[in-house]
Amino acid sequence: MTNNPYMKPFNPETDPLISVRDLQKNFKDLHALKGVDLDIYQGDVIFVVGPSGSGKSTFLRCLNCLEEADGGEIFFEGVNITNRNVDINRHRQKMGMVFQQFNLFPHMTVMKNLTQAPIILQHKSKEEAEAEAIKLLERVGLADRADAYPNQLSGGQKQRIAIVRALCMKPDVMLFDEPTSALDPEMVGEVLEVMRDLAKQKMTMVVVTHEMAFAREVASKVVFMAEGKILEVAPPDVFFNNPRTDRLKSFLEKVL
Amino acid sequence: MPDIAVPQFLIEFKDAFYLNFIKDNRWKYLVDGLSVTLRITFFAVLIGIVLGFLVAIIRATHDKVGRTTPLIKGTLSVLNFVCNVYLTVIRGTPVVVQLLIIYFVIFGSVRIDKIIVAILAFGINSGAYVAEIVRGGIMSIDQGQFEAGRSLGFNYGQTMWFIIIPQTLKNVLPALGNEFIVLLKETSVAGYIALADLTKGGDIIRSQTFSAYMPLIAVALIYLVMVIALSRLQKLLERRMRSRDK
């Protein structure tokens, strides 16, 4: 195992769950990520903030290889998942992702949305998968919507279901790509509540967001990105009260 | 009993009807022809669907695929090229010419059932149109659906099968229905290889009775009824699919 070129020894107690090294990404002429380094440990709640176009969403999407990195390495649980010989599908099962636009499957009921992947990919029985799904639905207060179709749900409900869909795979880390940006203001709270709950249960989370107050409250570390680079990483109180760089200072002045 | 004057045109109609359909069991030309038309259409539709989905998936995969090995990428490029040639040739030439080429050139020196030739010709032809309909359907599904599937750990094929194709199917149903209605009518050129389909059946009657009106109108009516029935079926299917995700 250790002589495998794209694996390195991984101890979940001491090693970072995700280790990003010199991550590069280009879109045609745009150099979106210019060498990003970050270690994400078990139980970390990392909030990534920054101006739009700073590459924060691209960074997040690179973490589960929805965007293919053009350079650098991402080690997830000791495996370099940027290597093409790695079966990325297996590792994605352990990385839940929540999208800005929810992306629920409109042709399936809520229950089918939640159980399809566990049944097919983890070979769970229908009963087992549904029992687990119901438990999670109860946690987000939507157990009564199991038989609904996504277009019968409000935006906030859809996003809570989307979070549950990712949780049903029992992931080791949850990636959130601006989970509240497409929501009506009055529905933001219910989604943040679910995320707060997850953070309390020590779920490892990486969140790209514009919700600064929420970042301050929930984050264990806040990452500031601008122009494709990470400029600052700090615990929220330091991050928001004592920003080091001028770039972050001016950003915070604008958004706070 | 006074004579009830039967209008002259009714008498003529009755005579013509007798001559064209009853005498010498001429109606059999229409019934047998209809059966040929239906058989050709049915199997051509099957071939068209299989071929069309195959080509559409290859082309969409070629356009979409990101992370993969050079071997797969190369294979896809070759397959995509073959598909493009197929689409260009089939959509760029008349179906009658294709039918004649398949019969006289490809199977020129082989004894083969003409119905099979027609099924192949119309199936291969229809496949090209189905392919573009389905590919459009696949490409119209929001990229987020694809990403959501992949992010859960589904591989490309599973994402296609469980998430993209079911939604595509619903979107392309109206266009597919139209394609099959067109196909049903297009089989009327099967007479070019001396296949006695519905149209040819009517034409045979015309050549025997020297009356064009009755057999040709009958043929037209039969096509019309079938097309109306197919349209109804199509609407029914669409409604059922739509109500499912209400």
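Values in this document were obtained by computation on a predicted structure and should not be read as measured data.

(A) How the structure looks around the overall build of chain B. Across its full length, chain B holds nine helices and zero strands. Listing each helix as α and each strand as β along chain B from the N terminus yields α-α-α-α-α-α-α-α-α. Rg of the C-alpha trace for chain B: 24 Å, well past the compact-globule value of 18 Å for 246 residues, more than 25% over. Across its three principal axes, chain B shows a C-alpha extent of roughly 90 × 55 × 25 Å. Here chain B holds 246 residues, and the buried ones make up 41% of them. Accessible surface for chain B amounts to roughly 13,400 Å². Of this, 69% is attributable to carbon and sulfur atoms. Of note, chain B has its 25 positive side-chain charges centred 7 Å away from the centre of its 16 negative side-chain charges.

(B) Representation of empty space enclosed by the protein in the model. Overall, the coordinates contain one cavity of 30 Å³ or more when judged by the stated rule. Its boundaries defined by the atoms lining it, the largest cavity holds a volume of some 40 Å³. Looking at side-chain class alone, the lining of the largest cavity contains five nonpolar, two polar and one charged residues.

(C) Geometry of the nonpolar core. Grouped together as the largest cluster of nonpolar side chains are 78 residues, with contacts concentrated most on Ile18, Phe59, Leu63 and Ile81 of chain A together with Ile40 and Phe122 of chain B. Leave out the neighbours within four places in its chain, and Phe59 of chain A touches Val20, Leu23, Leu33, Val36, Leu38, Val48 and Met225 of chain A. If you look at the next biggest cluster of nonpolar residues, it comprises 52 residues, including Val140, Met205, Ala219 and Phe224 of chain A.

About the cut-offs
Residue indices follow the written sequence of each chain, beginning from 1 at its first position. Labels are handed out in written order, letters beginning with A for the chains and numbers beginning with 1 for the ligands. Reporting in this predicted model follows two pLDDT cut-offs: at least 70 for local features of residues, and 80 or more for side-chain atom pairs to be given and counted; totals over whole chains, interfaces and linings ignore these cut-offs and use all residues. Hydrogen atoms and water are omitted, and side-chain values are computed over all heavy atoms in the structure. Secondary structure follows DSSP: runs of H or I at least 4 residues long count as helices, runs of E at least 2 residues long count as strands, and numbering of each begins at the N terminus. Only C-alpha atoms enter the radius of gyration, while the globule expectation follows 2.2 Å times N to the 0.38, with N the number of residues. Only protein chains enter the calculation, and the probe is 1.4 Å; a residue is then buried if its accessible area is under 20% of its type maximum, exposed if over 50%, and partly exposed in between. Residue-level accessible areas treat just the shown protein chains as cover; the underlying method is Shrake-Rupley with a 1.4 Å probe. Charged-residue counts in this description rest on Lys and Arg as positive and Asp and Glu as negative, His and the chain ends being excluded. Here the site of a charge means atom NZ of a Lys, CZ of an Arg, CG of an Asp or CD of a Glu. Space inside and on the surface of the protein is sampled on a 1 Å grid over the protein atoms alone, with a cavity defined as a set of points where a 1.4 Å probe fits but cannot get out and a pocket as an open set with protein on both sides within 12 Å along at least 5 of 7 lines; lining residues have an atom within 4 Å of a point. Grid points are joined across faces, edges and corners, and a volume is the space filled by probe spheres set on the points. In this classification, Asp, Glu, Lys and Arg are treated as charged, Ala, Val, Leu, Ile, Met, Phe, Trp, Tyr, Cys and Pro as nonpolar, and every other residue, Gly included, as polar. Among buried residues, those of type Ala, Val, Leu, Ile, Met, Phe, Trp, Tyr and Cys that are joined through side-chain atoms within 4.5 Å constitute a nonpolar core. By definition in these notes, contact holds between two residues if any of their heavy atoms fall within 4.5 Å.

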